[in-house]
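# What the coordinates show
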Amino acid sequence: MGAGISVAECLASAASVPCMTHDLSRDGTFDRGKMEFMEHNMAAVEPITSLTLRRPDDWHLHLRDGAMLSAVVADTAQHFGRAIVMPNLVPPVLTGADASAYRDRILAHCAGYPKFQPLMTLYLTETTDANDVVKAAEAGIVHAVKLYPAGATTNSASGVRDFDKVRPVLEAMAEIGLPLCIHGEVTEPSVDIFDREAVFIDRVLRPLRAAVPSLKMILEHVTTADGVDFVRDAGDNMAATITTHHLFINRNHILAGGLRPHYYCLPVAKRERHRLALVAAATSGARQFFLGTDSAPHLDTDKQSACGCAGIYTAPNTLSCLAHVFEAESALEQLEAFTSLNGAAFYGLPPANDTIKLVKRDEAVVFPASRKTANGEVTIFDCGVPLYWEIDAGPMRV
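Residues numbered from 1 in each chain as written. Predicted model: local features only at pLDDT ≥ 70, side-chain atom pairs only at ≥ 80, totals over all residues. Heavy atoms only, no water.

### Details of the overall build of the chain
- Assigned secondary structure in the chain consists of twelve helices and 16 strands.
- Across the 398 residues of the chain, 56% fall into the buried class.
- Carbon and sulfur atoms make up 51% of the accessible area of the chain, which totals about 16200 Å². (Helix = DSSP H or I, 4+ residues; strand = E, 2+ residues; numbered from the N terminus. Buried < 20%, exposed > 50% of the residue type's maximum accessible area, 1.4 Å probe, protein only. Areas by Shrake-Rupley, 256 points an atom, 1.4 Å probe, with all protein chains shown as cover.)

Below, the structure is given as structure tokens:
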């Protein structure tokens with residue numbers, strides 16, 4: 001019989017967990033059907049089969065609006081305590097009044113999940129009113145402001161082109177400790193899409209930190225070793241979120257052996273060495289790194305098209321995926337820091353005062369392939385390996 005364990009007890013038993021390996025063919029392409037566990041360090045230690053964590057938070061989430069919001073919000077609200085909700089709607093969430101109204105629409109679909117708190121953000125534009133930002137933050141409506149370089153991702157046309165025009169807002173945010181969430185990519189067509197994060201760090205992020213050094217910043221959905229290194233060395237007021245899907249996929253998943261639209265996201269997945277850097281950062285326990293799923297639902301008809309949307313829907317199986325990764329890295333003792341502690345500390349919020357329990361099953365857990373909405377299906381992330389961990393919370397939502 002396996003052992004139940006808390007995070008505090010986990011370290012002593014972590015030696016017996018498996019490592020995850022990638023089966024690469026000689027041409028470097030990824031055979032996602034051949035990822036497998038390889039057992040190591042077969043010490044006589046009872047395997048961990050349950051894990052209790054403080055209730056997790058998601059520090060980067062897309063809930064959309066209307067029929068999509070109605071269909072997907074429960075996948076987060078049933079297991080997470082809080083979520084930083086992205087403002088890139090059409091039209092975007094620009095003011096405190098917009099954020100308050102959007103929060104009300106979200107909560108209208110969360111009656112069955114009274115513990116869930118959507119933490120709202122504002123979409124930074126070159127005409128954002130600093131006074132409105134401060135007022136919304138002091139009222140507890142807004143918990144961050146989101147910087148999208150214009151054209152960087154879904155619904156980002158209203159984003160920033162001239163950073164001098166937003167400096168007064170950034171300085172006001174620094175004064176009150178309001179974080180800036182950053183989509184860290186340049187958008188010039190001359191810059192290769194796989195280089196856009198690294199170029200952004202040098203051209204935009206370093207100068208921005210020099211201009212407003214006291215501003216708390218989060219490099220969201222970091223995808224490169226360059227980004228990990230920058231954040232690790234940048235000081236206490238710099239952090240990064242790491243997504244679930246970037247811990248599993250590299251660019252071969254998208255392109256090798258056929259185009260796979262359900263692995264297409266922005267920032268796009270990079271080379272394998274970058275994925276490994278993300279896994280190392282996430283599982284390290286370092287306080288600068290925490291979970292932001294960037295779970296981003298799109299209708300299949302919008303993904304599977306001549307110009308498909310960027311985004312991967314990971315909310316339904318994120319915690320199972322993460323337990324798999326952390327177990328494979330012999331780091332289950334760090335899962336709570338990544339999902340439940342580090343992000344709250346950076347945002348200046350207390351950790352959750354309740355817990356969830358993850359259990360490891362003898363047989364692979366079967367997740368639904370998609371989520372049905374009033375307008376069509378939304379494919380759920382397929383991580384490419386069997387998942388044995390699940391939340392011990394009764395029947396799975398289908």
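### Brief notes about the pattern of salt bridges
- Counted by the stated rule, this structure contains 16 salt bridges.
- The closest approach of N and O atoms between Glu220 and Lys146, which form a salt bridge, is 2.8 Å. Here Glu220 is found in strand S10 (residues 217–220), whereas its partner Lys146 is found in strand S8 (residues 142–147), with 74 residues between them in sequence. By the burial criterion, Glu220 is buried, and Lys146 matches it.
- Among the salt bridges present, the one from Glu188 reaches Arg203, with a minimum N-O distance of 3.2 Å. (Salt bridge = Lys/Arg side-chain N within 4 Å of Asp/Glu carboxyl O.)

### As for helix H6 (residues 196–211)
- Across its 16 residues, H6 extends 21 Å between first and last C-alpha, which sits within 8% of the 22 Å expected from 1.5 Å per residue.
- Taken together, the buried positions of H6 are occupied by Arg196, Glu197, Val199, Phe200, Ile201, Val204, Leu205, Leu208 and Arg209.
- Buried residues along H6 sit in contact with S8, helix H5 (167–176), strand S9 (180–183), S10, helix H7 (225–233) and strand S11 (238–242). (Expected span 1.5 Å × (residues − 1). Contact = heavy atoms within 4.5 Å.)

### Notes on the nonpolar core
- Counting 102 residues, the largest nonpolar core has Ile106 and Leu180 as its most contacted members.
- Counting residues in hydrophobic clusters, the runner-up holds 14 residues, among them Ile84, Leu119, Cys181 and Phe346. (Core = buried A, V, L, I, M, F, W, Y, C linked by side-chain atoms within 4.5 Å.)

### Comments concerning the side chain of Arg275
- When you line up the elements, Arg275 lands in helix H9 (residues 272–283).
- In this structure the side chain of Arg275 is engaged in a polar contact, spanning 2.8 Å, whose partner is the backbone oxygen of Leu247. (Polar contact = N/O pair within 3.5 Å; in protein donor to acceptor, adjacent residues only side chain to side chain.)

### Considerations on the sheet that holds S9
- In spatial order, the strands read S5-S6-S7-S8-S9-S10-S11-S12; together these eight strands make up an open sheet with parallel pairing. The outermost strands of the open sheet, each flanked by one partner alone, are strand S5 (57–61) and strand S12 (289–291). Averaged over all adjacent pairs, the angle separating strand axes in this sheet is 25°, with direction ignored. (Pairing = 2+ DSSP bridges. Axes fitted to C-alpha atoms, helices over the stretch in contact; angles between N-to-C directions.)

### Brief notes about empty space enclosed by the protein
- Summed over the entire model, instances satisfying the criterion amount to two cavities of 30 Å³ or more.
- Computed from the structure, the second largest cavity encloses a volume of approximately 30 Å³.
- Around the second largest cavity sit Thr223, His246, Ile249, Ala269, Lys270, Arg271, His274, Arg275 and Leu278, which together line it.
- Split into classes, the residues belonging to the lining of the second largest cavity amount to three nonpolar, three polar and three charged. (1 Å grid on protein atoms, 1.4 Å probe; cavity = no way out; pocket = protein on both sides within 12 Å on 5 of 7 lines; lining within 4 Å. Points joined across faces, edges and corners; volume = space filled by probe spheres on them. Nonpolar A, V, L, I, M, F, W, Y, C, P; charged D, E, K, R; others polar.)

### Observations regarding the pairing of S10
- Side-chain alternation along S10 places Met217 and Leu219 on one buried face and Ile218 and Glu220 on a second face that is also buried.
- Here four bridges tie S9 to S10, and the two strands are oriented parallel to one another. Residue pairing for S10: Cys181 is matched across the bridge by Ile218.
- Handedness of the crossover joining S9 and S10 through H6: right-handed.
- Bridge count for S10 against S11 is three bridges, and the pairing is parallel. What sits directly across from Leu219, in S11, is Ala240.
- Viewed along the sheet, the connection from S10 through H7 into S11 turns out right-handed. (Right-handed = clockwise from strand over helix to strand, strands pointing away.)

### Re the packing of helix H4 (residues 130–138) against H5
- Relative to each other, H4 and H5 sit at 25°, their axes nearing to 9 Å. As the angle between them shows, H4 and H5 are arranged roughly parallel. Relative to H5, H4 is oriented so that their crossing is right-handed. Residues Ala130, Val133, Val134, Ala137 and Glu138 of H4 touch H5, and the partners they reach there are Pro168, Val169, Ala172, Met173 and Ile176.
- Here the contact of H4 with H5 is built from residues that sort into nine nonpolar, no polar and one charged. (Parallel < 35°, antiparallel > 145°, perpendicular 65-115°, else oblique. Left-handed = near helix turned anticlockwise from the far one by under 90°.)

### Focus: the packing of aromatic side chains
- For the coordinates displayed, the defined rule picks out eight aromatic pairs.
- Measuring from ring centre to ring centre gives 6.4 Å for Trp59 and Phe290, while their planes differ by 75°; the resulting arrangement is edge-to-face. Here Phe290 lies in strand S12 and Trp59 lies in strand S5, a separation of 231 residues in the sequence. Here the two residues Trp59 and Phe290 agree in accessibility, since each one is buried.
- Between Tyr263 and Phe381, the ring centres sit 6.0 Å apart and the planes meet at 70°, which makes this aromatic pair edge-to-face. Placement of Tyr263 in the loop between helix H8 (251–255) and H9 and of Phe381 in the loop between strand S15 (376–379) and strand S16 (389–391) is noted, with a sequence separation of 118 residues between them. When sorted by exposure, Tyr263 lands in the same class as Phe381, which is buried.
- Each member of the aromatic cluster is reached from another via a ring pair, and the members are Trp59, Phe290, Phe346 and Tyr347.
- Here Lys216 stacks its cationic end above the ring of Phe346, 4.8 Å away from the centre of that ring. (Phe/Tyr/Trp six-rings, centres within 6.5 Å; stacked < 30°, edge-to-face > 60°. Lys NZ or Arg CZ within 6 Å of the ring centre and 35° of its normal.)

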